[in-house]
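Inside the fold
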Amino acid sequence: MPGVRIHHATLRNAVILIRHPGEIKKTFKTYNKGRKPKDYRIQLDNEGNCIVSEVVWKRLQEAGAKDFIILNEVADPPRQTLSFKEGTFEEPATYRMIGEALKEIAPPGVKAYVRRHSG
Amino acid sequence: MANSLYAGYKQVQVGDAAITGFSVVNWESDDCRCILIDSADDTLNVNTDQDLADIAGAARVAVSGAMASKTAVLSSNTVTMDAADVTLSAVSGDQSEQVVIYRHTGTEATSLLIAFFDTFTSGMPVTPNGGDIVIQWNASGIFNW
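Bear in mind that the values here come from a model prediction, so they are computed numbers and not experimental data.

What counts as what
Residues numbered from 1 in each chain as written. Chains lettered and ligands numbered in written order. Predicted model: local features only at pLDDT ≥ 70, side-chain atom pairs only at ≥ 80, totals over all residues. Heavy atoms only, no water. Helix = DSSP H or I, 4+ residues; strand = E, 2+ residues; numbered from the N terminus. Buried < 20%, exposed > 50% of the residue type's maximum accessible area, 1.4 Å probe, protein only. Areas by Shrake-Rupley, 256 points an atom, 1.4 Å probe, with all protein chains shown as cover. Phe/Tyr/Trp six-rings, centres within 6.5 Å; stacked < 30°, edge-to-face > 60°. Lys NZ or Arg CZ within 6 Å of the ring centre and 35° of its normal. Contact = heavy atoms within 4.5 Å. Buried area = accessible area lost by both parts, 1.4 Å probe. Salt bridge = Lys/Arg side-chain N within 4 Å of Asp/Glu carboxyl O. Polar contact = N/O pair within 3.5 Å; in protein donor to acceptor, adjacent residues only side chain to side chain. Nonpolar A, V, L, I, M, F, W, Y, C, P; charged D, E, K, R; others polar. Pairing = 2+ DSSP bridges. Arc of directions from axis to C-beta.

Brief notes about the overall build of chain A
Within chain A one finds two helices and ten strands. Along chain A, helices and strands appear, N-terminal first, in the series β-β-β-β-β-β-α-β-β-β-β-α. Taken over 119 residues, chain A has a buried fraction of 34%. A total of about 7,700 Å² of accessible surface is found on chain A, and carbon and sulfur atoms cover 52% of it.

What follows is the structure in structure tokens.
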């Protein structure tokens, strides 16, 4: 299965950061070996959908991302680009999942405490 | 870390006797490839890692074919390495944060690590979706020295 289209219950046109705890092993022979914790970055389109690999979907489940459902398999997923070219790229709103809740992350240049007190 | 050349690559290129088992990299004719790296599975070190065996297998999400149209151009006392954009086909692994260029020999212990990238203008970290991932180099080249 090349890719799976997943859907978020509420968010649209946003990035969600989902913390995976990793699998650090602490036994004698494998001390501090294994997967380190990291944020999974899920970019939702304006319908709340994102296409991910099966491996990423498995990690999201391990991380307890419960607001997602699988819509369908995608046989021909779109091409993605990693670029070193100069230019300005629009960054959608970013949210971090904390437990069952989502907390908005202030965009660059905006202090979070200013946003909280300004209502 | 930041985008960087591997220390071992620099040592090999200048003929440092402290590093053995590698021949000088001929950028234009050698088989050089890109690997997409999941940084949660290995912590890469450009100062101590030398060859492909130094990168954990679990960290290698995708490997390209041989990079095409490679050029090395000397200008104003600087050699600039460039190549055609690279396509990683049907990537279905874990989220990735880094790219490494290495010289492919078919043997991990002699496949010299060349360059490390973790800072892109867009696209990173990349969440594979089962489709192709294209690495678009800067118009001014991939790296120079």
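Having seen the model, we can carry on.
Side note on the packing of aromatic side chains
In the structure shown here, the tally under the stated rule is seven aromatic pairs over all chains. Taking 5.8 Å as the distance between ring centres and 50° as the angle between the ring planes, the aromatic pair formed by B:Phe117 and B:Trp137 counts as tilted. Of this pair, B:Phe117 sits in strand S8 (residues 113-117) while B:Trp137 sits in the loop between strand S9 (133-136) and strand S10 (143-144), placing them 20 residues apart in sequence. The pair formed by B:Phe117 and B:Trp137 is uniform in burial state, with each residue classed as buried. Counting every residue linked through ring pairs, the aromatic cluster contains A:Phe84, B:Phe117, B:Phe120 and B:Trp137. We note A:Lys38 situated over the ring of A:Tyr40; from NZ or CZ to the ring centre the distance is 5.3 Å.

Some details on the interface of chain A and chain B
Across the contact, 27 residues belong to chain A and 36 residues belong to chain B. Both faces considered, chain A and chain B share a buried interface measuring about 2,800 Å² in area, 49% of it formed by carbon and sulfur atoms. Of all residues in chain A, the largest losses of buried area upon contact with chain B belong to A:Gln80, A:Leu82 and A:Phe84, amounting jointly to 33% of the total for that side. In this structure, the connection of chain A to chain B is made through seven salt bridges. Where A:Arg35 meets B:Asp94, a salt bridge forms, and the shortest distance between an N and an O atom there is 3.2 Å. Where chain A packs against chain B, one counts 30 residue pairs in polar contact (both at pLDDT 80 or more). When residues of the side of chain A that touches chain B are traced back to their parent elements, those giving at least two are strand S4 (33-35), strand S5 (38-43), strand S6 (49-52), helix H1 (54-62) and strand S8 (80-83) of chain A. Counting residues per element, the side of chain A that touches chain B draws most heavily on S5(A), which supplies five residues. When its residues are assigned to classes, the side of chain A that touches chain B shows twelve nonpolar, six polar and nine charged. Bridge analysis of S8(A) against S9(B) gives four bridges, and the strand direction is parallel. The residue bridging A:Ser83 from the neighbouring strand is B:Gln136, located in S9(B).

Some words on H1(A)
All names here are of chain A. Residues Val56, Trp57, Arg59 and Leu60 constitute the buried set of H1. Buried residues in H1, looked at end-on, bunch into an arc of 160°, giving them a common side. In this structure, the buried side of H1 is in contact with strand S1 (3-8), strand S2 (14-20), S4, S5, S6 and strand S7 (68-74).

Quick look at the sheet that holds strand S4 (residues 71-75) of chain B
Residues and elements named next belong to chain B. Taking strand neighbours across the sheet as the criterion, the three strands line up as S4-S5-S10 in an open arrangement whose pairing is antiparallel. Bordering the open sheet on either side are S4 and S10, each of which pairs with just one other strand. Two strands pair when backbone bridges link them, and S4 and strand S5 (residues 78-82) are joined in this way by five bridges, in the antiparallel orientation. In the sheet register, Ala72 faces S5, and the bridge partner there is Met81.

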